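Structural characterization, general
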Amino acid sequence: MKKAIITGINGQDGSYLAEYLLEKGYEVYGVVRRSSIENMEKMRNIQSFRERIHIIPCSLENALSVYKLFDKVQPDECYHLAASSFVSYALEDDLSIMTNNFTTTHNILSGIVEVCPSCRMYFAGSSEIFGNVQENPQTEDTPYNPRSVYGISKMAAHSLIKNYRERYNVYACTGFTYNHESPRRGHAFVTRKITSFVAGLVLGAKNKLELGNLDAVRDWGYAPEYVDAMHKMLQQSVPKDYIIATGTIHSVRELLDIAFGKVGLDYQDFIHINEEFLRPESGVPLVGDASAIYRDLEWRASKQFEEIIGDMVQADIDALMDKSNGKRDA
Ligand code: GDP
């Protein structure tokens, strides 16, 4: 039986990946922050299969803890998905995002070299490393030009992945994922912010939705498909980095149209533009060319944007109904 460690198992991607690997017969070890374990809300994504995995509280910032973990588990694969993921523009967050994302990647790579050299590692990179791009769509050869400290931290950690691959022959690779959504997406992201708002309206809420730039565009894919790409990347004979994307873009406006349209409403009656949510956007859109991963591993995104958003709205409505029924029963 193959063993896999997933860092950030309780997040959107970690939870889908865990289910995917369990399905394939893996023994799954999920790393979480000690402070998250007793927090029901933070463990919600893995609640339904919690008994089938090993949950390990471990501080990835601490090299000794990471070494001990790898020494004990001796995993075949490690998926490093945990990260400080808030794309912040606030000065005070810079250092912690930088040190966290770089140090944790370093500790895992050096842990593999020290105690578990045959372990293969997937690193969750990000389209944010392209930042202010000059070319569209982006490929694996597009120059990096991050605009956020999050993007810079992912670029630095990816450089370390390449360096360990060359220096120590470690099987490590980076997936440059573009935005990917699902009913498990965090509420701070615009997709979930909108779909949960629409669900609230259906159940009688009467507030307005405050948003930023409606003309902003993203390459939005479906998270359960992206974890399949991650797994495929660790099954080939040589480690290679890939763009994981749909290759198409949609605007926040289109997203609103689909989400409100799903329940027969017009978004223009419910939204309000709030400058607080405006962000500096780059002129050239971030959109990925995923032809390399299709050519090598036959992976490509297939679920359409309209369906992804429709499912998210439905899942939010169902969850709210369950909650209100629960209250009524109580
Ligand atoms: P990310 O910025 O790519 O990590 O993903 P988000 O889901 O947070 O944002 C996607 C796009 O939606 C960005 O271009 C935002 O500028 C735009 N956007 C517009 N209004 C909002 C909002 O109220 N919240 C968020 N999060 N994004 C917004």
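If you're wondering where the values come from, they're calculated on a predicted model, not measured in any experiment.

A short note on unusual backbone geometry
Cis rather than trans, the peptide bond between Asn-136 and Pro-137 has omega equal to 0°. By the secondary structure assignment, Pro-137 is in the loop between β5 (120-126) and α4 (149-168).

A few points about helix α3 (residues 94-115)
Between the first and last C-alpha of α3 there are 32 Å, a value that for 22 residues agrees with the 32 Å anticipated at 1.5 Å per step. Taken as a whole, α3 has its buried residues at Ile-97, Asn-100, Asn-101, Thr-104, Thr-105, Asn-107, Ile-108, Leu-109, Ser-110, Gly-111 and Ile-112.

A look at the site of the ligand
Around the ligand, 15 residues are found, and the nearest of them are Lys-193, Gly-212, Arg-218, Arg-279 and Glu-281. Between a nitrogen atom of the ligand and a main-chain N or O atom of Ala-188, the distance comes to 3.0 Å. Backbone polar atom of Val-190 to an oxygen atom of the ligand: 2.8 Å apart, as the coordinates give it. Counting residues per element, the ones that place at least two in the shell around the ligand are α5 (190-202) and β8 (209-211).

A word on the sheet that holds β5
A sheet is described by the order of its strands in space; here seven strands give the open sequence β3-β2-β1-β4-β5-β6-β11, paired in parallel fashion. On the outer flanks of this sheet lie β3 (54-57) and β11 (242-244), each paired with one strand and no other. Across this sheet, the average inter-strand angle for adjacent strands is 25°, counted without regard to direction. Against the sheet, helix α2 (residues 63-73) makes contact with β1 (3-7), β2 (27-32), β3 and β4 (77-80), and its axis sits at roughly 155° relative to β1, the strand it touches most.

Structural notes on a negative patch on the surface
On the surface, a cluster of negative charge is contributed by Glu-254, Asp-257, Asp-266 and Asp-269. Within the element layout of this structure, Asp-269 appears in the loop between α7 (252-262) and β13 (271-273).

Structural notes on the packing of α2 against α3
Two numbers describe how α2 lies on α3: the axes approach to 9 Å, and their chain directions differ by 45°. For the element pair α2 / α3, the angle class is oblique. Judged by the sense of rotation from one axis to the other, the crossing of α2 with α3 is right-handed. Across the interface between the two elements, Ala-63, Val-66, Tyr-67, Phe-70 and Asp-71 of α2 pack against Asn-107, Ile-108, Ser-110, Gly-111, Ile-112, Glu-114 and Val-115 of α3. Tallied by class, residues from the contact of α2 with α3 come to seven nonpolar, three polar and two charged.

Side note on α2
Along α2, the residues classified as buried are Val-66, Leu-69, Phe-70 and Val-73. Buried residues of α2 fall within an arc of 90° about the axis and therefore sit on the same side. Exposed and facing more than 90 degrees away from the buried side of α2 are Leu-64, Lys-68 and Lys-72. Packing partners of the buried residues in α2 comprise β1, β2, β3, β4 and α3. Sitting at the amino-terminal end of α2 is Asn-62, which places a side-chain oxygen 3.0 Å from the backbone nitrogen of Leu-64. A positive backbone phi angle near 50° is found at Gln-74, which sits one or two residues after α2.

Some words on the nonpolar core
Judged by nonpolar contacts, the single largest core of 37 residues is most densely connected at Ile-6, Leu-21, Val-28, Tyr-79, Tyr-122 and Ile-293. Mapped by element, the contributors of at least two residues to this core are β1, α1 (12-23), β2, β5, α6 (223-233), β11 and α8 (291-297). In terms of nonpolar packing, the next biggest core, distinct from the first, is built from 26 residues, Leu-201, Ala-216, Trp-220 and Val-313 among them.

Thresholds applied
- Residue numbering note: each chain is counted from 1, following its sequence as written.
- Selection of residues for local features in this predicted model requires a pLDDT of at least 70, selection of side-chain atom pairs for listing and counting requires 80 or more, and totals for whole chains, interfaces and linings are taken over all residues.
- Processing note: side-chain calculations cover all non-hydrogen atoms of the structure and skip hydrogens and water entirely.
- For the purposes of this entry, the term helix denotes a DSSP run of H or I that reaches at least four residues, the term strand denotes a run of E that reaches at least two, and both are numbered from the N terminus.
- The span you would expect from a helix comes to 1.5 Å times its residue count less one.
- Burial classes: relative accessible area under 20% of the type maximum marks a residue as buried, over 50% as exposed, and values in between as partly exposed (1.4 Å probe, protein chains only).
- Near, as used in this document, describes a residue that has one of its heavy atoms within 4 Å of the molecule or strand being considered.
- The definition of a polar contact used here is a pair of N or O atoms within 3.5 Å, where within protein one atom must be able to donate a hydrogen and the other to accept one, and adjacent residues in sequence count solely through side-chain atom pairs.
- Note on pairing: two strands pair once DSSP finds at least 2 bridges between them.
- Note on definitions: angles span 0 to 180 degrees between N-to-C directions of axes, and those axes are lines fitted to C-alpha atoms, for helices only across the stretch in contact.
- Any two residues whose heavy atoms approach within 4.5 Å are treated as being in contact.
- Here the term patch refers to residues with relative accessible area over 30% and no salt bridge, with like charges joined within 9 Å and nonpolar side chains (Val, Leu, Ile, Met, Phe, Trp, Tyr) within 5 Å.
- Working definition of accessibility: Shrake-Rupley area with a 1.4 Å probe, residue cover restricted to the visible protein chains.
- By salt bridge we mean one thing: a side-chain nitrogen of Lys or Arg within 4 Å of a carboxyl oxygen of Asp or Glu.
- Positive charge is attributed to Lys and Arg, negative charge to Asp and Glu, and no charge count is given to His or to the chain ends.
- The location of each charge is read from NZ of Lys, CZ of Arg, CG of Asp or CD of Glu.
- For classification purposes, angles smaller than 35 degrees are called roughly parallel, those larger than 145 roughly antiparallel, those between 65 and 115 roughly perpendicular, and all remaining angles oblique.
- Each crossing is labelled by how the near helix is turned from the far one, with a counterclockwise turn of less than a right angle marking it left-handed and a clockwise turn marking it right-handed.
- Asp, Glu, Lys and Arg are counted as charged, while Ala, Val, Leu, Ile, Met, Phe, Trp, Tyr, Cys and Pro are counted as nonpolar; the rest, among them Gly, fall into the polar class.
- Directions from the helix axis toward the C-beta atoms define the arc.
- Buried Ala, Val, Leu, Ile, Met, Phe, Trp, Tyr and Cys residues form a nonpolar core when they are joined through side-chain atoms within 4.5 Å.

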